[in-house]
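Each chain is listed here by its residues.
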Amino acid sequence: MSGPNTDYDPVEVTPLKAEEVERMRDEALVAIAAAADLDELKQVRLDHAGDRSPIALANREIGALPPQARKEAGARVGQARGAINKALGERSAVLEEEHEARMLVEESVDVTLPTDRRSRGARHPITTFSERLADIFLAMGWDVAEGPWVEAEWLNFDALNMGADHPARTMQDTFWLEPAEAALVLRTHTSPVQARTMLTQEPPIYVVCPGRVYRTDEVDATHSPVFHQIEGLVVDKGITMAHLKGTLDHMTTALFGEGITTRFRPSYFPFTEPSAEMDMVCFVCRGVDSDACRTCRGEGWIELGGCGVVNPRVLTACGIDPEVYSGVAFGFGIDRMLMFRHNVTDLRDVFEGDVRFASAFGTEI
Amino acid sequence: MKASLSWIREYVDLPADVTLDKLTERLTMLGLKLEAVTNPADAITGPLVVGRVLTIEKEPQKNGKVINWCSVDVGDANGTGEPQGIICGAHNFVEGDLVVVCLPGAVLPGDFVISERKTYGHLSAGMICSAAELGLGGDHDGIIVLPADAGAPGDDAFGVLGMDDPVIEFEINPDRAYALSLRGIAREAALGFELPFTDPAARSTPAADDAGHPVVVEDSEGCPVFVARTVSGFDPTALTPAWMATRLEQSGMRPISLGVDISNYVMLELGQPNHCYDKARLAGPIRVRRATAGEKLTTLDSVVRQLSEADLLIADDNGAIGIAGLMGGESTELSETTTDIVVEAAHFDPVTVFRAGKRHKLHSEASKRFERGVDPLLPQAAADRVVELLVELGGATADAGTTVVGTAPAPVSITIPVDLPARISGIDIAAETTLAHLAAVGCDVSLDGETLTAVAPSWRPDVTDPYDLVEEVVRIVGYDQVPSVLPPAPAGRGRSESQRLRRRVGLTLAGEGLVETISYPFVGEADWDRLDLPADDDRRTALRVVNPLNNEEPLLATTLLPGLLKALARNVGRGNTDVALFETSLVFAPTGDERAPILGVDRRPTDEEWASIEKAVPRQPMHLAIALTGHAEEAGWWGEGRSASWSDAIGTIRTLATELGVELEVASTTREPWHPGRCAELRIGERVIGHAGELHPKVCKAYGVPARSAVAEIDLDALLEHATTVVSGPRFSSYPVAKEDVALVVDASVPSAAVEAALREGAGELLESIRLFDVFTGDQVGEGKKSLAYALRFRAADRTLKEGEASAARDAAVALAAERTGAVQR
Ligand SMILES: [Zn+2]
């Protein structure tokens, strides 16, 4: 860079003439406008705004001018450079936008391509439905109790008022375990869990016991030697059949919607007295024009299971004073409810492990 | 229990507005559940009439068959009064017989329209009907031949056949044995509609004396009451009247012979099982005693029964003639020559009968009633009713003499607070209502202040406890009156820790792409062999089911793998080739020495007793197993797929452990049924909780699953025990990270876990993470060697690392790895 050239004759500095500067500016603006893409613009920038561009060279001459002329020429060149830079910036923005738009078009993909690199997992609907049922009771403040599947005969039968000579024992086709002296069975119902709860906890007791049970039923579309029950037990002071009805009404309403309540019919179970069968209003036809309803087969009601007031003999065997406490209990099949609630027509699907079955239900039900 | 409506009406006069629907609905709400109503008449449109066969012309046909051209008197039913010409192919009737005739225009079950038609050269105007054609079932060949007294030609046959009489089938609960009789059902109908009831057992019976057939009861506990009556001059050829045969059939019993039919009829009518002996075939007195060792009896079903000393017998001087309450013997049964009959009506102990039935695997209409409880006051009335019918229908003469041994047990008296039914049901029931309903049930009721005393009626041996009275009152008030009230449960704590963790396990595994299955726990010795378990493997010690559904699978699973592998094979067989399954389930780990006591039920078990029960229940840990085959990641436009392998099996469990905050150690091991070079032992500290890896090729073959299928099985309880339930919030540094990569060459046999552990320790506390990103073998690294490439990240909690700090830490890590594992930096 040269220092001020005091000897220089300003008249001879042609590039700083106003018309020259305007020409440079205009040429630059034309070139900028003509740049078709960012690469061309880059060249234009070099040619018209770079260090060796006419305007830059002109700018260098300013220092050679006398102070008087220097200011004027400086302003002139500065304005011209400003206009060029502004035009460059604007053109650059336009071209960049065009470039990006073009790139995005070029990068477009077929979004309908499959995306299933990994298949989805699932929990078994019996698991999730058991939890769903338990959730209703948990929300009421109840606990969820569990117990072993191979159970002492005494807990599965005797403690529940089904002594060895009780005819009701033959109603439940039991898997017995060897040797006979072991007095062990595969539990035929989840009721031993109720007995265990009463034997190990003080009232008040509010529990549900969902779980797997076993009976010697041959496999077909509606029977399985392995199936699932949920039983509920309340032992507290002043408990009545009304509390049983209230609980069951709440459960069916929570699962099937407003208006889906229960009714009781007299029945017999050794562990309850009075005993009842419970039915729920058919959630499909709601008991209106039931004749064509396939869910309830024209009944208007769906059989749920059994329930009743806990037989005081059971309370006694489990160490609870029936003079102080009363209890109610209920039980029904989870598999069966899953079947009618979800239109499952063959119970074998539940136990065969075909992934298509559980996958259909996902991780919650 | 089935009964026709007309039979019920015999004891309760149901008004016209009590329709069949109303009746069955009320009885259902009283506890006699309607099972079905059948009315054969519904399937038939008449005319269906009684006809008398006047002539039969037998006409042999070319095909060798003989058909009958019959002339049948149908009275005025055909509009002419002339005999009807009908062709009939059956041969079980003769001229003069009364038969059932379907006249042209009638429609039989199956829309079978009867019309006049030309056949075998005659114009056949109707059909002589068989039971099957009328939809009455039964296994009789040939046409129905009516008893001579059934009616007159032209009579409507619907009535004669009892076909316009609906038959109601009830499901009778075990506590309501009284309803296994017309007496019981009609009593409930009367109760339900507050109508008078005519008790068929209310009859005056002759007083007991010593003049009847001699009876010795040696076991009065097994047989509290024994009544014997005798008739003579019975006509063994006398036929069962049509009305009786119809009622028996309606109730599901087959008519056999008049004597037997009368016995069954009285059982259905009153609920008292009874028995008729051919007096000529009895030797000496009837003796009720326990059997002696080695004694045998051929029962009426022609089965030779080995008797047990616990069996209560009816015997005579020649030995056993019946098992009490269960079944009579062949040697003294009524025959075509029987003229003198000894009638037995006794009361037997329910438990004795129940046990005998179980022992002999024999269940009869008699035992069904005895084991549930029969009215002990019935024997005399029942014997008297049998005698009456033998006299009336069989031309017999009632002999003098009524043997009655023993007395009926005294009725039970029960005391309750009068408001107990209200307190238990939650229904507002007035004291008067309680008293009235118990009286209606047949109780003898008295009230003293607030205390009610009820003596149960003799026909209700099931009513023994205070709550039994509650049920009686509430069922009459109506279960539909029970209000709906939520119980006041105390505030709860939600799911237990273990329940929450298990939910998390399921969600994690499903998130990893696995699908949950539920398998049956039944396995066989063959499964142990398929899994190639050694002879002394613990998993071979399994519980055995006495009565398995499949004799090949009598054992309870000690491992979840058999069930899971069968499910895997089933999926592959159905074309689901990329499968990842998991199952969480209890397994059964017995010691073989479990013996559970049978405790009393009149009190809580003592702590020792309870401990003995808990100890006797075999250990049942919850296991988790997974099984993988096919693609873990599908091939697609994105590139190659990836097959599930041993590493996915181990990885899934590792992921689960990480989710649960458990530090899981993995080491190489061998264990069946895994591939010996591809089996990982999974440990928490020193405790082995399971194994994972590739399945042994032999095992893949044995279960028919694809080669290289991978499985894992762990003790889930053990994993959950170590789960971190309260996570501490992490602290992390915001200073820059320094990355260092190292490649180490070690012997191929050195586990990468050992190298990593050494690097980790050697790197010191600046090490933030370490990741093995490449494993390489080949010529470049040399025979028997492998190259492991690690990415190390260093970061300080409180400052930016200085130049050289990270590389120094890396060098220290490499140095320790070299010392511990012989690693050489590449
Ligand atoms: Zn419906």
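Residues numbered from 1 in each chain as written. Chains lettered and ligands numbered in written order. Predicted model: local features only at pLDDT ≥ 70, side-chain atom pairs only at ≥ 80, totals over all residues. Heavy atoms only, no water.

Caption draft 1: Representation of the overall build of chain A. What chain A contains, in helices and strands, is 12 helices and nine strands. By its C-alpha atoms, chain A is 135 × 50 × 45 Å across when sized along the principal axes. Sequence separation of at least 24 residues holds for 67% of the intrachain contacts in chain A that already meet a minimum separation of 6. Summing over all exposed atoms, chain A offers an accessible surface of approximately 16,200 Å²; the carbon and sulfur share of this is 50%. Side chains of chain A carry 36 positive and 58 negative charges; the gap between the two charge centres is 6 Å. (Helix = DSSP H or I, 4+ residues; strand = E, 2+ residues; numbered from the N terminus. Contact = heavy atoms within 4.5 Å. Areas by Shrake-Rupley, 256 points an atom, 1.4 Å probe, with all protein chains shown as cover. Lys, Arg positive; Asp, Glu negative; His and termini not counted. Charge placed at Lys NZ, Arg CZ, Asp CG, Glu CD.)

Caption draft 2: Expanded view of the coordination of the zinc ion. All names here are of chain A. Binding of the zinc ion to the protein goes through C282 (SG), C285 (SG), C293 (SG) and C296 (SG), at separations of 2.2 to 2.3 Å. The site at the zinc ion holds four donor atoms, and with the angles between them running 105 to 115°, its shape is tetrahedral. In primary sequence terms, the donor set of the zinc ion follows C-x2-C-x7-C-x2-C. Of the two residues, C285 and C293, both sit in the buried class. (Donors = N, O, S within 2.8 Å, 3.2 Å for Na, K, Ca; no water. Tetrahedral: all angles 85-135°; square planar, octahedral: opposite > 155°, others 65-115°. Buried < 20%, exposed > 50% of the residue type's maximum accessible area, 1.4 Å probe, protein only.)

Caption draft 3: Representation of the nonpolar core in the model. Counting 157 residues, the largest nonpolar core has F330 and M337 of chain A together with L719 of chain B as its most contacted members. Setting aside chain neighbours within four positions, we find M337 of chain A in contact with F129, L133, M251, L255, F256, L304 and F332 of chain A. (Core = buried A, V, L, I, M, F, W, Y, C linked by side-chain atoms within 4.5 Å.)

Caption draft 4: Layout of the sheet that holds strand 43 (residues 824-825) of chain B. All names here are of chain B. Strand order in this open sheet of four strands is 41-42-40-43, and the pairing throughout is antiparallel. Every interior strand has two partners, whereas the edge strands, strand 41 (767-776) and strand 43, have only one. As judged from the eight bridges shared by strand 41 and strand 42 (residues 785-794), these two strands associate in the antiparallel manner. When the sheet's bridge partners are listed, F776 is paired in strand 42 with S787. Taken strand by strand, helix 20 (residues 752-763) contacts strand 40 (738-747), strand 41 and strand 42, and its axis lies near 35° from that of strand 42. Relative to the sheet, helix 21 (residues 805-821) contacts strand 40, strand 42 and strand 43, its axis offset from that of strand 40 by approximately 15°. (Pairing = 2+ DSSP bridges. Axes fitted to C-alpha atoms, helices over the stretch in contact; angles between N-to-C directions.)

Caption draft 5: Region of interest: a negative patch on the surface. A grouping of E96, E97, E98 and E100 of chain A is seen on the molecular surface, where their side chains present a negatively charged patch. Within the secondary structure layout, E98 of chain A lies in helix 4 (residues 67-106). (Patch = residues over 30% accessible without salt bridge, like charges linked within 9 Å, V, L, I, M, F, W, Y side chains within 5 Å. Salt bridge = Lys/Arg side-chain N within 4 Å of Asp/Glu carboxyl O.)

Caption draft 6: Region of interest: the packing of aromatic side chains. Under the defined criterion, the tally for this structure stands at 21 aromatic pairs over all chains. An aromatic cluster is defined as three or more aromatic residues linked by ring pairs; in this entry it consists of W149, F175, Y214 and F351 of chain A together with Y520, F522 and F588 of chain B. Over the ring of F256 of chain A we find R341 of chain A; its NZ or CZ atom is 5.8 Å from the centre of that ring. The ring of W459 of chain B has R187 of chain B sitting right over it, with the charged end atom 3.4 Å from the ring centre. (Phe/Tyr/Trp six-rings, centres within 6.5 Å; stacked < 30°, edge-to-face > 60°. Lys NZ or Arg CZ within 6 Å of the ring centre and 35° of its normal.)

Caption draft 7: Spatial organisation of the interface of chain A and chain B. Each partner contributes to the interface: chain A provides 110 residues, whereas chain B provides 102 residues. Looking only at chain A, the three residues that lose the most surface to chain B are R117, W154 and P266 of chain A, adding up to 8% of its buried area. Our enumeration of links across chain A and chain B arrives at 10 salt bridges. At the boundary of chain A and chain B, one finds 42 residue pairs in polar contact (both at pLDDT 80 or more). In terms of residues, the side of chain A that touches chain B owes the most to one element, helix 8 (residues 241-256) of chain A, which gives eight residues. Residues of the side of chain A that touches chain B, tallied by class, amount to 52 nonpolar, 28 polar and 30 charged. (Buried area = accessible area lost by both parts, 1.4 Å probe. Polar contact = N/O pair within 3.5 Å; in protein donor to acceptor, adjacent residues only side chain to side chain. Nonpolar A, V, L, I, M, F, W, Y, C, P; charged D, E, K, R; others polar.)

Caption draft 8: View of the side chain of T272 of chain A. Looking at the secondary structure, you find T272 of chain A in strand 7 (residues 272-281). If we ignore the near neighbours within four places in the chain, the residues touching T272 of chain A are C307, G308, V309, V310 and N311 of chain A.

Caption draft 9: Looking closely at the sheet that holds strand 1 (residues 143-144) of chain A. Residue and element names in this part refer to chain A. Judged by pairing direction, the sheet is mixed, and its seven strands sit side by side in the order 1-4-5-9-8-7-6 without closing on themselves. Two strands close off the open sheet at either side, each with one partner strand: strand 1 and strand 6 (262-269). In this sheet, strand 8 (residues 301-310) lies alongside strand 7 in antiparallel orientation, the contact comprising eight bridges. When the sheet's bridge partners are listed, M278 is paired in strand 8 with G305.

Caption draft 10: A look at the environment of G246 of chain A. Checked against the element boundaries, G246 of chain A lands in helix 8. On the accessibility criterion, G246 of chain A (5% relative accessible area) is buried. Ignoring sequence-local partners within four residues, the contact set of G246 of chain A consists of S484, V485 and L486 of chain B.

Caption draft 11: The pairing of strand 21 (residues 319-323) of chain B, seen in detail. All names here are of chain B. Of all five residues that make up strand 21, five are buried, and the element is covered over most of its length. In this structure, strand 20 (residues 312-316) lies alongside strand 21, joined through four bridges in antiparallel fashion. Counted as the bridge partner of D316 is G319 from strand 21. Taken together, strand 20 and the strand that follows it, strand 21, pair antiparallel across an intervening segment of two residues. Here strand 21 runs beside strand 22 (residues 327-328); their pairing, made up of two bridges, is antiparallel. Paired with G322 across the two strands is G328, which belongs to strand 22. Here strand 21 folds back onto strand 22, and the loop between the two strands holds three residues, one of which, G325, carries a positive phi near 75°.

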